[in-house]
Amino acid sequence: MDFDKEYFIKIVEDIGKKSRLAGSKGESEAFDYIKKHIKEKIGGKIIFQKYKILTWEESEKSMFLINGEDIKCQAIYYSPSSKIKGKLEYFGENNYEKDNEFDVFCVRDKQKNISAFINLSKNFKKPFYYCNGEANYLVPSLIVGSEYLDIIKKNLGENVEIRIKTKFLIKKSINLIHKLSNRKGKLKLVICAHVDTVPHSKGILDDASGIAATMVLSQEIKKIKLPFDVWVVYFGAEENSMFGSKFFVDTLTDKEKKSINYVVSVDGIGMGDNVSVYVEEDYFPQIKSAFKKIEDKLILSSMDDSVDISDHYYFKLSGIDSCLIEVKINDFYYHSSEANDIKNLNIEMCSDTILSVFNYIKNIQFKSPDIYFNKKEGSVFKKIMPFLQKK
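This structure is a prediction, so every number in the text was calculated from the model and none was measured. (Residues numbered from 1 in each chain as written. Predicted model: local features only at pLDDT ≥ 70, side-chain atom pairs only at ≥ 80, totals over all residues. Heavy atoms only, no water.)

Student: Explain the environment of Lys 83 to me, using residue names and the numbers behind them.
Tutor: Looking at where Lys 83 falls in the secondary structure, it is placed in strand β5 (residues 82–94). In sequence terms Lys 83 and Ser 115 are 32 residues apart; their C-alpha atoms lie 9.7 Å from each other. (Helix = DSSP H or I, 4+ residues; strand = E, 2+ residues; numbered from the N terminus.)

Student: Which residues make up the sheet that holds strand β12 (residues 229–235), and what values do they have?
Tutor: Strand order in this open sheet of eight strands is β1-β10-β12-β11-β13-β16-β14-β15, and the pairing throughout is mixed. Strands with a single pairing partner mark the edges of an open sheet, and in this sheet they are β1 (45–58) and β15 (298–302). Between one strand axis and the next, the sheet turns through 20 degrees on average, direction left out of account. Where strand β14 (residues 275–279) lies against β15, five bridges are found, and the strand directions are parallel. Across the sheet, Val 275 pairs through a bridge with Leu 298, a residue of β15. Strands in contact with helix α2 (residues 25–42) are β1, β10 (166–179) and β12; relative to β10, the strand with the most contacts, it is inclined by about 5 degrees. (Pairing = 2+ DSSP bridges. Axes fitted to C-alpha atoms, helices over the stretch in contact; angles between N-to-C directions. Contact = heavy atoms within 4.5 Å.)

Student: So what's going on with a negative patch on the surface? Residues and values would help.
Tutor: Negative charge collects at one region of the surface, where Asp 2, Asp 4, Glu 6 and Glu 13 lie side by side. Inspection of the secondary structure puts Glu 13 in helix α1 (residues 5–15). (Patch = residues over 30% accessible without salt bridge, like charges linked within 9 Å, V, L, I, M, F, W, Y side chains within 5 Å. Areas by Shrake-Rupley, 256 points an atom, 1.4 Å probe, with all protein chains shown as cover. Salt bridge = Lys/Arg side-chain N within 4 Å of Asp/Glu carboxyl O. Lys, Arg positive; Asp, Glu negative; His and termini not counted. Charge placed at Lys NZ, Arg CZ, Asp CG, Glu CD.)

Student: Residue-level account of unusual backbone geometry, with values.
Tutor: Following Asp 206, the chain continues into Asp 207 via a peptide bond in cis, with omega recorded as 15 degrees. By the element assignment, Asp 207 lies in helix α4 (residues 204–221). Its identity is not glycine, yet Tyr 78 carries a phi of approximately 80 degrees, on the positive side. Position of Tyr 78 relative to the elements: it lies in the loop between β4 (74–75) and β5. Exposure remark for Tyr 78: the relative accessible area of 10% places this residue in the buried category. With phi around 60 degrees, Ser 241 is a residue other than glycine that occupies positive phi space. (Buried < 20%, exposed > 50% of the residue type's maximum accessible area, 1.4 Å probe, protein only.)

Student: If you had to explain a nonpolar patch on the surface to someone new, which residues and values would you point to?
Tutor: Together, Leu 54, Leu 138, Phe 168 and Ile 170 line one region of the surface with nonpolar side chains, adding up to about 380 Å² of accessible area. As for its placement among the helices and strands, Leu 138 is situated in the loop between β7 (114–121) and β8 (141–144).

Student: Just give me the short version of the environment of Ser 173, but keep the residues and values in it.
Tutor: Along the chain, the position of Ser 173 falls in strand β10. Note: C-alpha distance between Ser 173 and Gly 236 (63 residues apart in sequence) is 5.9 Å. Polar contacts involving the side chain of Ser 173 include one to the side chain of Glu 27, which spans 3.0 Å. (Polar contact = N/O pair within 3.5 Å; in protein donor to acceptor, adjacent residues only side chain to side chain.)

Student: Outline the pairing of β14, listing residues and values.
Tutor: Within a regular strand, the side chains alternate between the two sheet faces. Of all five residues making up β14, five are buried, and the element is well covered by its neighbours. Residues Val 275, Val 277 and Val 279 point to one face of β14 and Ser 276 and Tyr 278 to the other, with burial holding for every one of them. Read as a crossover between parallel neighbours, the route from β14 over helix α7 (residues 284–290) to β15 is right-handed. The pairing of β14 with strand β16 (residues 322–326) spans four bridges and is antiparallel. Bridged to Val 279 within β16 is Cys 323. (Right-handed = clockwise from strand over helix to strand, strands pointing away.)

Student: Got a sec to walk through the confidence of the model for the protein chain? Specific residues and values, please.
Tutor: Residue-level pLDDT values for the protein chain average 88, and 90% of them are 70 or greater. Looking across the protein chain, the model is least confident in helix α10 (residues 386–390), with a mean pLDDT of 33, and most confident in α7, with 98. Segment residues 369–391 is flagged for pLDDT under 50; beyond a separation of four residues in sequence, or across chains, it makes 29 contacts in the model. (pLDDT = per-residue confidence, 0-100.)

Student: Tell me what's going on with the pattern of salt bridges, and back it up with residues and numbers.
Tutor: Scanning all chains against the criterion turns up 17 salt bridges. Of the charged contacts in the structure, one is a salt bridge between Lys 61 and Asp 70, with a shortest N-O distance of 3.9 Å. On the accessibility criterion, Lys 61 (57% relative accessible area) is exposed.

Student: Run through the pairing of strand β2 (residues 63–66), naming residues and quoting values.
Tutor: As judged from the four bridges shared by β2 and strand β9 (residues 159–164), these two strands associate in the antiparallel manner. Following the sheet pairing, Leu 65 is matched in β9 by Glu 161. Where β2 lies against strand β3 (residues 69–70), two bridges are found, and the strand directions are antiparallel. Looking at the pairing, Ile 66 lines up with Glu 69 of β3. Here β2 folds back onto β3, and the loop between the two strands holds two residues, one of which, Asn 67, carries a positive phi near 50 degrees.

Student: Mind laying out the state of the cysteines, listing which residues take part and the relevant values?
Tutor: Summed over the entire model, instances satisfying the criterion amount to zero disulfides. Cys 106 forms no disulfide, and the closest cysteine sulfur to it belongs to Cys 73, at a distance of 16 Å. For the unlinked cysteine Cys 323, the closest cysteine sulfur is that of Cys 192, found at 10 Å. (Disulfide = S-S within 2.5 Å.)

Student: Report on the packing of α1 against α2, specifying residues and quantitative values.
Tutor: As a packed pair, α1 and α2 sit with axes 10 Å apart at the nearest point and diverge in direction by 150 degrees. Regarding the angle of α1 to α2, the classification is roughly antiparallel. Packed against α1, whose contacting residues are Tyr 7, Lys 10, Ile 11, Asp 14 and Ile 15, the element α2 presents Ala 30, Tyr 33, Ile 34, His 37 and Lys 41 at the interface. Of the residues in the contact of α1 with α2, the class split is six nonpolar, one polar and three charged. (Parallel < 35°, antiparallel > 145°, perpendicular 65-115°, else oblique. Nonpolar A, V, L, I, M, F, W, Y, C, P; charged D, E, K, R; others polar.)

Student: So what's going on with helix α5 (residues 243–250)? Residues and values would help.
Tutor: What α5 keeps buried is the set Gly 244, Ser 245, Phe 248 and Val 249. Looking straight down α5, one finds its buried side chains confined to an arc of 130 degrees; they lie on one side. As for α5, its buried residues are in contact with β1, β10, β12, α6 (254–259), β13 (260–266) and α8 (313–317). (Arc of directions from axis to C-beta.)

And the structure:
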């Protein structure tokens, strides 16, 4: 496989020209770009899924006042409009995102009820847009940069004030399903990336880099014959609790679910000098082999340790084996200004990652549900479970 550096960069630049909030014009234009690219460069059947989502936007700049000082902050995605006064208290640690740990503080009212959360990054200065996992409940929440840690600690027990002004909107988002091949009775491997961004983010890392990687992979996979079919899905609304991938999985028939044997989710690559891969442990040897060229830069982890805020999640809940490919973030956050600058994209690392993923897909031997390919015969065999073999 040859990697066309200029071609990859152009896709990232084109997709990352503007914010692509789910349901927005920017998201729709990005899907049009992908559709045009597929028709002109790759070929294959394209299907659009359309669905309604609840989305959100900040109407005004949020305020967090401590003794009259306005602390720089931003409302976390889905925080409702609120005017809050109460006492500032320490709540606990939030290590949900392994590379971006938070100290979590809260504001309690006179009845000692929590009326707001303040999430203070341990690693990153300046507030940035942050999505608090799955939006299962709506507590007003702010994100604050690490430079305010001392001020917040000094004022624990003091009265503070929070003002958030946001609005909720019902809009339409899209999934684009690109069927590279669709042969009757064949098992399917799904490759996916997401198109949308958080508010005011161009999403160079998250996930224009993943979209570009997926397009490059599609072009190369189209040239080879595999013993399984490949569908490439570009999801909308990932930043909205992965609603696009949930809609896709929820609308699959039982027969279609059984036909999807594996998922590769690409959610940001090339910011730094590593690639992080989460996968079921019985796939570790195959990953190590495919990524051998960059084995010193590979961070391999069990899927059990993955953060369930990416598009692999709902496949995982449905019992479909998956692989999450991303980058370990150390000096910046996925939604920070640094991650929106293409100059910070390590193109050589992107190239090595894409080549390794291509090798992985090209040579994959499915381990669960106990199926493997006989490459010489070009056919599929069901393995007998070990306990049956003993009998």
